[in-house]
Amino acid sequence: MRDDTVAKQDRLILSRIAPYLVLALMLAASVWLWRFWVNTETTREQAHFDEYCERISQDIAGRIDTYRRVLDGGAGIFIASEEVNREEWRTYVEYSETRTSFPGIQGLGFAKVIAPSELSRHVESIRAEGFPEYTVWPEGERAIYTSIIFLEPFDARNQRAFGYDMFSEPVRRTAMERARDTATPSLSGRVHLVQETDEDVQAGYLLYVPVFAGGVPPSGVEARRAALTGYVYAVLRVKDLMRGIFAEAPRKVAFELYDGTTIAPEALLFDSRELDGGSGKEHRAQFSSHTPLELYGHTWSLVFHSTPQFEAEKEPHLSWTILAAGLAVSILVFLLMRSQSEHQGQGRGAGRKVDGGFARERAALETPEYGQSGGYLHTRSGRFLADLGEPQCDRLDGVRAGRGVAARLVGKPSASGRPRAGPCQIRCGRYLAHGP
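Residues numbered from 1 in each chain as written. Predicted model: local features only at pLDDT ≥ 70, side-chain atom pairs only at ≥ 80, totals over all residues. Heavy atoms only, no water.

1. Structural notes on the overall build of the protein
Note the following rule: Secondary structure elements are defined from DSSP: runs of H or I of at least 4 residues count as helices, runs of E of at least 2 residues count as strands, and each element is numbered from the N terminus. Burial classification: accessible surface area is computed with a 1.4 Å probe over protein chains only, and a residue below 20% of its type maximum counts as buried, one above 50% as exposed, and the rest as partly exposed. The contact criterion used is simple: two residues touch if any of their non-hydrogen atoms lie within 4.5 Å.
Looking only at helices and strands, the protein features 10 helices and 16 strands. The proportion of buried residues among the 436 residues of the protein is 39%. Within the protein, counting contacts between residues at least 6 apart in sequence, those at least 24 apart form 61% of the total.

Printed below as a string of structure tokens:
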């Protein structure tokens, strides 16, 4: 009996806490599903963002590579001809349509390597072509000179660089020596172009392709230095270059271009938001990334930021809808389970009351008072149990008594139709009472 009582109490406790346990589990599952969806969407959006960034990087690298191919073609002219004149170089540049097809380049030129012993004769030959003021500058004695003799278009801006010895400037020289010793194209570091004026000053870069006597680069570094005849090169102004690559600001991803690997204001070369009037600089991007761009021996750094247009493509309400739906279902299930538990508790309470009534009825039936007056059998509780005045006792089967409890006369009647004077039994529910 005690074990049954303990088991009932355990079931009662479990039925009461079960709704709360289910609620906790369903809430946890809803939050997990919400976070899973958010992470999935973030991963998808990050992949799209990375695709845009990669496309921008490829556009920049592809444009520089296009200039490199044009320079390779220019180097081929010097390899194929014993002497290339100014008109031939102009024809090649115009035929390549580099500035019209791939805008952003300031000019294509050729710098001749000059030994100190040949300097005077070189200056006289160029002056004889109709440039009486030509000279190699800056002045000074150096182990080697590299004078710019061809530069197209030969406009007022590019004429400012005519005769300039790029080997005299450390940044340019580093790139030129790397191109010479490796026999590969080489991009310089950031320089101030001699073509610049006081208006719209931009950071400049130069891309060099070495030209060797005989066309084929020698196998050794010393042999290459001895065989070097000059450099075909491209002049790049960074903002013009970026405007040539991107006719308008990229709508989905903004980027900043930095010189080297240092992300600092002094290293900034270009901000794509300048193409759109500088709008969007105050926007706090949800996605950002930093990518180094290796270009022919020099490194640029690209920093990307998502734009409001990119972030507007997201579906932020969907994740919150999923969370709200999960919470609503969790609460609904909780309320249903708690309501069911309460009904079950009320049923058990009613059962206990009925059992108590049965117990009281049993106590009364176990000490019945049997009386002949009125032909009724009644108990000390005073409740009506059965009418004994009927001639056939078996007709009493099913008579209602008390609180709807069935009463049944089990004894046999006497010959006169009255209950016999001996013992009789009255069954009330599951309780059996004996009369005298």
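Following the structure, the description resumes.
2. Thoughts on the pattern of salt bridges
The line we're drawing: For salt bridges, the criterion is a side-chain nitrogen of Lys or Arg within 4 Å of an Asp or Glu carboxyl oxygen.
Taken as a whole, this structure holds 22 salt bridges when the rule is applied. Two residues, Asp165 and Arg142, come together in a salt bridge whose shortest N-O distance is 2.8 Å. You can see Asp165 sitting in the loop between helix H5 (156–159) and helix H6 (170–182) and its partner Arg142 sitting in the loop between helix H4 (119–127) and strand E2 (145–152), a full 23 residues away along the chain. Classification of Asp165 by relative accessible area gives buried; the value is 0%. Between Lys239 and Glu274 there is a salt bridge whose closest N-O contact spans 4.0 Å. Of the two residues, Lys239 is situated in helix H8 (residues 238–245) and Glu274 in the loop between strand E7 (268–271) and strand E8 (288–295); the sequence distance between them amounts to 35 residues.

3. Details of the sheet that holds strand E6 (residues 253–259)
For clarity, the threshold we go by: A strand pair is defined by DSSP finding two or more bridges across the two strands. Axis geometry follows a simple rule: fit a line to the C-alpha atoms, using only the stretch in contact for helices, then measure angles between N-to-C directions, giving values from 0 to 180 degrees.
The four strands lie next to each other as E7-E6-E9-E8, forming an open sheet whose pairing is antiparallel. Every interior strand has two partners, whereas the edge strands, E7 and E8, have only one. Going across the sheet, the axis of each strand differs from the next one's by a mean of 20°, ignoring polarity. The pairing of E6 with strand E9 (residues 298–306) spans seven bridges and is antiparallel. Bridge assignment links Glu256 to a residue of E9, and that residue is Val303. Against the sheet, H8 touches E6, E7 and E9, its axis set at about 30° to E7.

4. Points about the pairing of strand E4 (residues 204–212)
Here E4 lies mainly inside the structure; nine of its nine residues are buried. Neither face of E4 is exposed, since Gly204, Leu206, Tyr208, Pro210 and Phe212 on one face and Tyr205, Leu207, Val209 and Val211 on the opposite face are all buried. In this structure, strand E3 (residues 186–187) lies alongside E4, joined through two bridges in antiparallel fashion. In the sheet register, Leu187 faces E4, and the bridge partner there is Leu207. Bridge count between E4 and strand E5 (residues 228–237): nine bridges; the pairing is antiparallel. Directly across from Val211, in E5, lies its bridge partner Gly230.

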